[in-house]
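This is what each chain is made of:
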Amino acid sequence: MWSSDHSQDSASCGLNVAGCSAKSGCSSTRCWKTRKCTSLPTAVVGKMRSLIPRGSVVHPVTTVPPRCGVPSPAGPPCCGSSRAPQPARWGARRARRRSGGRGRRRIRFISSGHPTTARLRRGRVISFAAMKRVQKLGGSRRLLVASAVFGLFVLFDIALFGWLIFRSLSQREIERVLLETREEAETLAKRIADRAERQGDLYTAVAGERETQTYIDSILRQRDIVRQVEIRDKNGVLVLKSVNQASIQIPEGSPGLGQGSPELRELGEEKKEGQWTTTYEVPDVRVPIGDLGLLEIGISAPELGKRIEILRKELIQQAAVIGGLSVLLLVGAFVGVWLLMRRAQSLEMQAAEAERMAYIGTLASGLAHEIRNPLNSLNLNMQMLEEEIEEGGSAPTGKRLLSITRSELSRLERLVTDFLTYAKPRPVELEEIPAVLLLERVPEVLAGEIQKRRARIAVHDRSQGARVRVDPAQINQVLLNLTQNALAAAEEADRTPLLELSVHRQGAWVQLKVADNGGGIPLAEQAKIFDLFYSTRKGGTGLGLAIVDRIARAHGGRVAVESTPGTGTVMTVELPAVTTVESGPGLS
Ligand SMILES: Nc1ncnc2c1ncn2[C@@H]1O[C@H](COP(=O)(O)OP(=O)(O)O)[C@@H](O)[C@H]1O
Ligand SMILES: [Mg+2]
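A short tour of the structure in this document, coming up.

Reading guide: rules and limits
Residues numbered from 1 in each chain as written. Chains lettered and ligands numbered in written order. Predicted model: local features only at pLDDT ≥ 70, side-chain atom pairs only at ≥ 80, totals over all residues. Heavy atoms only, no water. Helix = DSSP H or I, 4+ residues; strand = E, 2+ residues; numbered from the N terminus. Buried < 20%, exposed > 50% of the residue type's maximum accessible area, 1.4 Å probe, protein only. Polar contact = N/O pair within 3.5 Å; in protein donor to acceptor, adjacent residues only side chain to side chain. Near = heavy atom within 4 Å. Areas by Shrake-Rupley, 256 points an atom, 1.4 Å probe, with all protein chains shown as cover. Nonpolar A, V, L, I, M, F, W, Y, C, P; charged D, E, K, R; others polar. Axes fitted to C-alpha atoms, helices over the stretch in contact; angles between N-to-C directions. Left-handed = near helix turned anticlockwise from the far one by under 90°. Contact = heavy atoms within 4.5 Å. Salt bridge = Lys/Arg side-chain N within 4 Å of Asp/Glu carboxyl O. Pairing = 2+ DSSP bridges. Patch = residues over 30% accessible without salt bridge, like charges linked within 9 Å, V, L, I, M, F, W, Y side chains within 5 Å. Phe/Tyr/Trp six-rings, centres within 6.5 Å; stacked < 30°, edge-to-face > 60°. Lys NZ or Arg CZ within 6 Å of the ring centre and 35° of its normal. Lys, Arg positive; Asp, Glu negative; His and termini not counted. Charge placed at Lys NZ, Arg CZ, Asp CG, Glu CD. Expected span 1.5 Å × (residues − 1). Parallel < 35°, antiparallel > 145°, perpendicular 65-115°, else oblique.

We now examine the side chain of Lys 241. With respect to the secondary-structure elements, Lys 241 resides in strand E5 (residues 238-243). Note on Lys 241: relative accessible area 12%, which makes it buried. Only 3.5 Å separates the side chain of Lys 241 from the side chain of Gln 228, close enough to count as a polar contact.

Here we take up the site of ligand 1. Taken together, 18 residues are adjacent to ligand 1, and Asn 485, Asp 516, Ser 535, Thr 536 and Thr 541 come closest. Asn 485 is positioned with one of its side-chain polar atoms (N or O) 2.8 Å from an oxygen atom of ligand 1. With the chains in place, 93% of the 530 Å² that ligand 1 exposes on its own is no longer accessible. Sorting the residues of the shell around ligand 1 by element identifies helix H12 (472-492) and helix H14 (544-554) as the ones contributing at least two each. At three residues, H12 tops the list of elements feeding residues into the shell around ligand 1. A per-class count over the shell around ligand 1 returns seven nonpolar, nine polar and two charged.

This part covers the packing of H12 against H14. Helices that pack against each other are described as a pair by the angle of their axes relative to one another and the distance between those axes. The interhelical angle for the contact between H12 and H14, taken along N-to-C directions, is 145 degrees, at an axis separation of 9 Å. In terms of crossing hand, the pair formed by H12 and H14 is left-handed. Residues Gln 474, Ile 475, Gln 477, Val 478, Asn 481, Leu 482 and Asn 485 of H12 form the contact with H14, whose participating residues are Gly 544, Leu 545, Ile 547, Val 548 and Ile 551. Of the residues contributing to the contact of H12 with H14, the split by class is seven nonpolar, five polar and no charged.

Turning our attention to the pattern of salt bridges. One pass over the structure, following the stated rule, counts 16 salt bridges. Residue Asp 471 pairs with Arg 426 through a salt bridge whose shortest N-O separation is 3.7 Å. Linking Asp 471 in the loop between strand E10 (467-470) and H12 with Arg 426 in the loop between helix H9 (395-423) and strand E8 (431-434), this pair joins segments that are 45 residues apart in sequence. Of the charged contacts, one joins Glu 491 and Arg 453 as a salt bridge, the two residues approaching to 3.3 Å between their closest N and O atoms. Of this pair, Glu 491 sits in helix H12 while Arg 453 sits in helix H11 (residues 447-453), and the two are 38 residues apart along the sequence.

Okay, the sheet that holds strand E7 (residues 293-299) next. Pairing is antiparallel in the open sheet, where four strands are placed in the order E5-E4-E7-E6. At either margin of the open sheet sits one strand with a lone partner, and together these are E5 and strand E6 (285-289). Averaged over all neighbouring strand pairs, the angle between strand axes comes to 15 degrees, with direction disregarded. When strand E4 (residues 226-233) meets E5, the two strands line up antiparallel, connected through five bridges. Opposite Glu 230, over in E5, you have Lys 241 as the bridge partner.

Another point: a nonpolar patch on the surface. Nonpolar side chains collect at one region of the surface, where Phe 156, Leu 160, Trp 163 and Leu 164 lie side by side and expose about 430 Å² of accessible area between them. Tracing the backbone through its elements, the reader meets Trp 163 in helix H5 (residues 128-199).

Let us look at the environment of Val 548. If you trace the backbone, Val 548 turns up in helix H14. Take Val 548: its relative accessible area is 0%, and that puts it in the buried class. When the C-alpha atoms of Val 548 and Gln 477 are compared, they prove to be 7.8 Å apart, with 71 residues separating the residues in sequence.

The subject of this paragraph is the packing of aromatic side chains. Scanning the entire structure with this criterion turns up two aromatic pairs. Aromatic pair Phe 150 and Phe 334: ring centres 6.0 Å apart, planes at 70 degrees, arrangement edge-to-face. One end of the pair, Phe 150, is in helix H5; the other, Phe 334, is in helix H8 (residues 301-390), with 184 residues separating them in the sequence. Positioned above the aromatic ring of Tyr 422 is the side chain of Arg 550, whose terminal nitrogen or guanidinium carbon lies 4.1 Å from the ring centre.

The next thing to look at is the sheet that holds strand E12 (residues 509-515). The mixed open sheet is built from five strands, whose spatial order is E9-E11-E12-E14-E13. Taken across any chain shown, the strands that pair with only one partner, and hence form the sheet edges, are strand E9 (456-462) and strand E13 (558-564). Sheet twist, expressed as the mean angle between neighbouring strand axes with direction ignored, is 15 degrees. As paired strands, strand E11 (residues 498-506) and E12 are joined by seven bridges and run antiparallel to one another. What sits directly across from Arg 505, in E12, is Val 510. Against the sheet, H12 touches E9, E11, E12 and strand E14 (568-576), its axis set at about 30 degrees to E12. Of the strands in this sheet, E13 and E14 are in contact with H14, which crosses E13 at around 135 degrees.

Looking now at the pairing of E11. With seven bridges joining them, E9 and E11 adopt parallel strand pairing. By the bridge assignment for E11, Ala 458 is matched with Glu 500. The turn joining E11 and E12, which pair antiparallel and follow one another in sequence, is formed by two residues; a positive phi near 60 degrees is taken by Gly 507.

Residues Glu 386, Glu 387, Glu 390 and Glu 391 make up a contiguous surface patch of negative charge. Inspection of the secondary structure assignment puts Glu 386 in helix H8.

Right, let's talk about H8 for a bit. End to end, H8 covers 128 Å across 90 residues, agreeing with the expected 134 Å (1.5 Å per residue, within 8%). Gly 392 occupies a position one or two residues after H8 and carries a positive phi of about 65 degrees.

As for its placement among the helices and strands, Lys 513 is situated in strand E12. Those residues in contact with Lys 513 that sit more than four places away from it in its chain are Glu 500, Leu 501, Ser 502, His 504, Glu 562, Val 570, Met 571 and Thr 572.

In the contact formed by helix H10 (residues 435-445) and H12, the axes pass within 9 Å of each other and the chain directions differ by 55 degrees. Looking at the two axes, H10 sits oblique to H12. In terms of crossing hand, the pair formed by H10 and H12 is right-handed. Mapping the contact onto sequence places Leu 438, Leu 439, Arg 441, Val 442 and Val 445 in H10 and Pro 472, Ile 475, Asn 476, Leu 479, Leu 480 and Thr 483 in H12. Partitioned by chemical class, the residues of the contact of H10 with H12 number eight nonpolar, two polar and one charged.

Next comes the structure, spelled out in structure tokens:
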């Protein structure tokens, strides 16, 4: 069973009380004194106050911390960050300076996996209050820019559509005019052809036909678009030319009138091109008048241009209305989204704040509970000692009471040390080393304890030369915690401790195993052993495995427990193996 499968608060990043590590004699009372911790309760309360509210690196009890991946400096503090997370206050000030001050540099937030803080992109930690301010500022500006860009796109879109529609409308208008003119020309040509058939020739038909003249007249009058109407005989000789609103005139000497001149006088005046700038090339409409000649109707390009210009203006007006409405709608939508975003942000912050408070509450109550027990016991012992002294009691009783007092005091000290180790982790200082070296130090460090308990420890190297990138001191602490648990378990089961420390290569992973012959852990309890303050041992703090888990995660690894009640337990720490070519021989 892996620690992350079940334990919500088991993540442990921490290693060290500043200047007071296990290595540097953390367990001695002298350490407290050097750190001006004269009385334990004050120290504990002081540490709690200074640590937890701004504690930028403690994982929440109620939140599952992110499963660490391959260690990277950009990861959460417990995920291999090589920089010390700085107090939230400093980060907040810096964030304010960067965002509010000049407002030039953008700040991106990455979840730190911790309810009180967020990490800036460069790995710095800031408080949620600062994050809130910066997010609000950055969010609004980003939304504004996005709105402006989107608005511009919409306007461009509308303009493009307008232009395309205008082009197609112009074309259609020209086609419509040509079609209408052709229909009229065909009607007129048919009439003239009928009349000419009856009267014998085209000249007489045109000249004698008042109806035709009136018809042409009306066409020219009604339709500005018609520039001129020409009728030619089959030899191409002009029989009639009527320009604009002129009436039909029969030229003198026309063959039909017996004077033989085929040329006609132009009547009327063509409209002058004035303000129109766009000119269109429009072909004349030509319709045959039976076999007798040709009717030609010229279209006025300026008139056509004028019509198209009117169309264009209408279209621009409509596009402007549509564009304006779209922009209004967009602005409305973006204001709505912005309000929603702000609301969501504030709800998120409230939730995070509530989570943080819940976390602090759980941590504080757990620690207070753990501290109160030894304090009660100390109080009682002191009272009894007082009475003994007053009554001139026996020395052995006093000695026993003092010994109990000392043991309670050292338990308190251990508790505070472990708690600080858990809550205030030391930054991981990575170093590439052969995995087996990590195991070899354990029996050396625990030599005294091993001798005292007459324990036997075997170390097996099945790593195939695998190397790991770890902080050796922190992994050493992991192995010490596990080995001490194993020794205690065997002792509790009244057995001579037989421990086996081994290192294995498993694909891309290296496994460090600590196996014991203790009483094992019941299945129901296996889910709890990584919980903060969970302990079944007299004098236990319940923080050892939480620290182990946190360190493993800080290295991108994890911890697992396999236990058979009555037989023993195997604790496994899995760490990513170094896979580079130069990582040494023995790697597959
Ligand atoms: N090797 C083991 N064998 C049996 N029980 C174990 C072993 N390791 C841990 N445990 C159980 O897990 C609990 C939590 O361990 P830990 O976090 O190290 O706290 P502590 O050692 O202070 O009790 C122990 O109290 C014990 O019940
Ligand atoms: Mg322990």
